[in-house]
Amino acid sequence: MSTARYSPFAVIIILTSIIIHRFTSASFAGNTFCARASSHSQIGRPATCATAWRLLSSATGDISTGGGASNNSNTPDNDETDADLDEQSSGEVKSKSRRGGRNKNKNRFRQHVNPLARKFQAPALLSETNFLPDAFQDPTKDLHLDVGCGKGGFILKVAEADESYEKNYLGLEIRPSVVDFARDRAKRHEMDGIVHYVSCNANVDLERILGQYTGKIKRENGDHPTIASVGGKISLVSIQFPDPHFKKSHEKRRVVNPLFVDTLAKHMETGSQIFLQSDVKPVLDYMRETFRASPYYKDDLESVEEYLCENPLGFPTEREISVQNRNLSVWRTMLRRTDEIHKATEICD
């Protein structure tokens, strides 16, 4: 077959494929055109499927060359592995859709946000009444605070292992959609009143959260909070796998900073614990050095070159499981509140 005879026929094939595409899916039209072009390449000039697809794409102007793959840039949440097992074992299988022959998990969330954005600077709603103790059955119990709790799987497991419910458990997470997921999860496990999640920026709301729970601040009387006489204690704060914010210009976005450390010290009593861990060694070292620089905390390990080999809390986070399954390292340490009296308390006395 000559070139002159081939070209008009190729034009007919292209026009036919365009018509098919208008009445069927883009994928079906592309496959049809590729098949026809391939069959005629054996007669005359070579016409590969890729060439045919490019011709059809330029002709129609709306066919993706990505083969139907999603252009969603969001990555899975950092605590997905154990959450998947949790939900599947309880019959709560996540719904998935097939798009371009690829599973898409609807429970994936945006992994990184900018905590300095304006929308994250407003005070958060701490409970239905905006008074944190109302979220718990007994707000006088000791509190385990998990900062950056993700989808809440870790703290939920710790709470379920506490068979006598000696503590209350509070998870803080900056992403509202993730907190909604965590709250639904706690309800399914019938842990309301024991486990609570708050969508907030810890660097904005920490003072109010700890003040309300410890009883130093009670329900607001107009614009002037008053002192309460009864409250619970902050016995343990865990900060695990926080967003590293690698860029030098982004370090100010990190959750742990001197003001954050000082606010915790103001509301924690002697002997209460701070647990830190990360799979990024510089991030763990940065958090550790920030706490060690405060007179209110003492590291359980003398040397900054030493790290805990195992998770002392006994329950790995979903991120921790994922990291260890890839044979990567996790860096950990535990600090305790010293008996140093906080300067704010001295002023009040």
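Reading guide: rules and limits
- Residues numbered from 1 in each chain as written.
- Predicted model: local features only at pLDDT ≥ 70, side-chain atom pairs only at ≥ 80, totals over all residues.
- Heavy atoms only, no water.
- Helix = DSSP H or I, 4+ residues; strand = E, 2+ residues; numbered from the N terminus.
- Buried < 20%, exposed > 50% of the residue type's maximum accessible area, 1.4 Å probe, protein only.
- Contact = heavy atoms within 4.5 Å.
- Core = buried A, V, L, I, M, F, W, Y, C linked by side-chain atoms within 4.5 Å.
- Pairing = 2+ DSSP bridges.
- Axes fitted to C-alpha atoms, helices over the stretch in contact; angles between N-to-C directions.
- Right-handed = clockwise from strand over helix to strand, strands pointing away.
- Salt bridge = Lys/Arg side-chain N within 4 Å of Asp/Glu carboxyl O.
- Polar contact = N/O pair within 3.5 Å; in protein donor to acceptor, adjacent residues only side chain to side chain.
- 1 Å grid on protein atoms, 1.4 Å probe; cavity = no way out; pocket = protein on both sides within 12 Å on 5 of 7 lines; lining within 4 Å.
- Points joined across faces, edges and corners; volume = space filled by probe spheres on them.
- Nonpolar A, V, L, I, M, F, W, Y, C, P; charged D, E, K, R; others polar.

A. Expanded view of the overall build of the protein chain. A count of helical and extended segments in the protein chain gives 11 helices and 11 strands. Out of the 349 residues in the protein chain, the part that is buried amounts to 44%. Of all intrachain contacts in the protein chain linking residues separated by at least 6 positions in sequence, the fraction that spans at least 24 positions is 74%.

B. The arrangement of the nonpolar core in detail. In terms of nonpolar packing, the biggest core is built from 38 residues, with Ile239, Phe260, Leu264, Phe291 and Tyr297 touching the most fellow members. The set of elements that each furnish at least two residues to this core consists of strand E3 (142-147), strand E4 (167-173), helix H7 (202-214), strand E8 (234-240), helix H8 (258-267), strand E9 (273-278) and helix H9 (281-292). Per-element tally for this core: the top contributor is H7, with 5 residues. Apart from residues lying up to four places away in sequence, Leu264 is in contact with Leu206, Leu210, Val237, Ile274, Phe291 and Tyr297. In this structure, Ala159, Met191, Leu236 and Met334 belong to the second largest nonpolar core, which totals 18 residues.

C. View of the sheet that holds E3. Across the sheet, which stays open at both edges, the 7 strands sit in the order E5-E4-E3-E8-E9-E11-E10 with mixed pairing between neighbours. Of all strands in the sheet, those with a lone pairing partner are strand E5 (195-199) and strand E10 (297-299), marking the two edges. Averaged over all adjacent pairs, the angle separating strand axes in this sheet is 20°, with direction ignored. Across 3 bridges, the pairing between E10 and strand E11 (residues 331-337) is antiparallel. Residue Asp299 lies in a different strand from E11, and its bridge partner there is Leu335.

D. Just the pairing of E5, in detail. With respect to burial, E5 is a largely interior element, 4 of its 5 residues being buried. As judged from the 5 bridges shared by E4 and E5, these two strands associate in the parallel manner. Along E5, the bridge assignment pairs Gly171 with Tyr197. Read from E4 through helix H6 (residues 176-188) to E5, the crossover connection turns out right-handed.

E. Region of the structure containing the environment of Glu190. Tracing the backbone through its elements, the reader meets Glu190 in the loop between H6 and E5. The exposure class assigned to Glu190 is exposed, which follows from its relative accessible area of 70%. Between the C-alpha atom of Glu190 and that of Glu160, which follows or precedes it by 30 residues, the distance is 9.9 Å.

F. Spotlight on the pattern of salt bridges. All chains considered together, the criterion is met by 13 salt bridges. A salt bridge links Glu318 to Arg185, with the shortest nitrogen-to-oxygen separation between them at 3.9 Å. Here Glu318, found in helix H10 (residues 318-325), pairs with Arg185, found in helix H6; they are 133 residues apart in sequence, far enough to count as distant. Glu318 gets classed as buried once you look at its relative accessible area, which sits at 2%. In this structure, the salt-bridge partner of Glu269 is Lys233, at a minimum N-O distance of 3.6 Å.

G. Focus on the side chain of Asp299. Structurally, the position occupied by Asp299 is in strand E10. A distance of 3.0 Å separates the side chain of Asp299 from the backbone nitrogen of Leu301, its partner in a polar contact. Setting aside residues up to four positions removed in sequence, Asp299 forms contacts with Arg288, Arg292, Thr333, Met334 and Leu335.

H. Representation of the pairing of E4 in the model. With 6 of 7 residues buried, E4 is to be regarded as a mostly interior element. With 6 bridges connecting them, E3 and E4 associate as parallel partners. Each residue of the ladder has a partner; that of Leu145, found in E4, is Leu170. In the classification by handedness, the crossover that spans E3, the intervening helix H5 (residues 153-161) and the parallel E4 is right-handed.

I. Focus on empty space enclosed by the protein. Going through the model one piece at a time under the given rule, you end up with 2 cavities of 30 Å³ or more. In this structure, the second largest cavity spans a volume of roughly 40 Å³. Contributing to the lining of the second largest cavity are Pro242, Asp243, Arg254, Val255, Val256, Val283, Tyr286 and Met287. The residue inventory of the lining of the second largest cavity, partitioned by class, reads 6 nonpolar, no polar and 2 charged.

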